[in-house]
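Understanding the architecture of this molecule
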Amino acid sequence: MNERKKKDIIDFVCAKGKLPTDPYGEILSPDELLVWFGLNECLTPAEQYIIRGELVAMVEIEDAINKIKTSKALRGGD
């Protein structure tokens, strides 16, 4: 996959703000995110595989940030 295309797709996802969640507040899976953003319809299977890896990282990062914020809130903030 062209690096510019990958960067533009990730920028597009990031521009939407926080990743979408299910009714229980859990961030959607990378496969669900591909569908949510319509990437399953415009990317080849090989490109989807690459973007799925990027989405995995994004989910992990957002989860970590949410845990840090929750921890700080429970401690009364810093």
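Description of the structure in this document. Remember, it's a predicted structure, so these values are computed and weren't measured experimentally. (Residues numbered from 1 in each chain as written. Predicted model: local features only at pLDDT ≥ 70, side-chain atom pairs only at ≥ 80, totals over all residues. Heavy atoms only, no water.)

**Details of the overall build of the chain**
Secondary structure summary: the chain contains 4 helices and 0 strands in total. Here the chain has a C-alpha radius of gyration of 14 Å; the compact-globule value for 78 residues is 12 Å, and the former is much larger. Considering only C-alpha atoms, the chain reaches an extent of 45 × 25 × 20 Å along its principal axes. Residue burial in the chain is summarised as follows: out of 78 residues, 27% are buried. Put simply, of all contacts in the chain between residues at least 6 apart along the chain, 55% involve residues at least 24 apart. Surface exposure of the chain reaches about 5,500 Å², of which carbon and sulfur atoms provide 57%. Computed over 11 positive and 14 negative side-chain charges, the separation of the two mean positions in the chain equals 6 Å. (Helix = DSSP H or I, 4+ residues; strand = E, 2+ residues; numbered from the N terminus. Rg over C-alpha atoms; globule rule 2.2 N^0.38 Å. Buried < 20%, exposed > 50% of the residue type's maximum accessible area, 1.4 Å probe, protein only. Contact = heavy atoms within 4.5 Å. Areas by Shrake-Rupley, 256 points an atom, 1.4 Å probe, with all protein chains shown as cover. Lys, Arg positive; Asp, Glu negative; His and termini not counted. Charge placed at Lys NZ, Arg CZ, Asp CG, Glu CD.)

**Let's talk about helix 4 (residues 45–75)**
The end-to-end C-alpha distance of helix 4 is 45 Å, a good match for the 45 Å that 31 residues give at a rise of 1.5 Å each. Every buried residue belonging to helix 4 is among E47, Q48, I51, L55, M58, V59 and E62, and all of these are buried. Looking at the packing, one finds that the buried side of helix 4 touches helix 1 (3–15), helix 2 (30–36) and helix 3 (39–42). Two residues or fewer after helix 4 comes G76, characterised by a positive phi angle close to 95°. (Expected span 1.5 Å × (residues − 1).)

**Re helix 1**
With 13 residues, helix 1 should cover 18 Å at 1.5 Å per step; its first-to-last C-alpha distance of 18 Å lies within 8% of that length. Regarding helix 1, the residues found buried are K6, I9, I10 and V13. Seen from one end, helix 1 has its buried residues packed into an arc of 95°, which puts them on one side. Helix 1 presents R4 and A15 as exposed residues on the side facing more than 90 degrees away from its buried surface. Of the surrounding secondary structure, the elements contacted by the buried residues of helix 1 are helix 3 and helix 4. The residue sitting at the N-terminus of helix 1 and contributing the capping side-chain oxygen is N2; that oxygen lies 2.6 Å from the backbone nitrogen of R4. Among the residues trailing helix 1, G17 stands out with phi positive, at a value near 90°. (Arc of directions from axis to C-beta. Polar contact = N/O pair within 3.5 Å; in protein donor to acceptor, adjacent residues only side chain to side chain.)

Shape is all these values report; function is a separate question.
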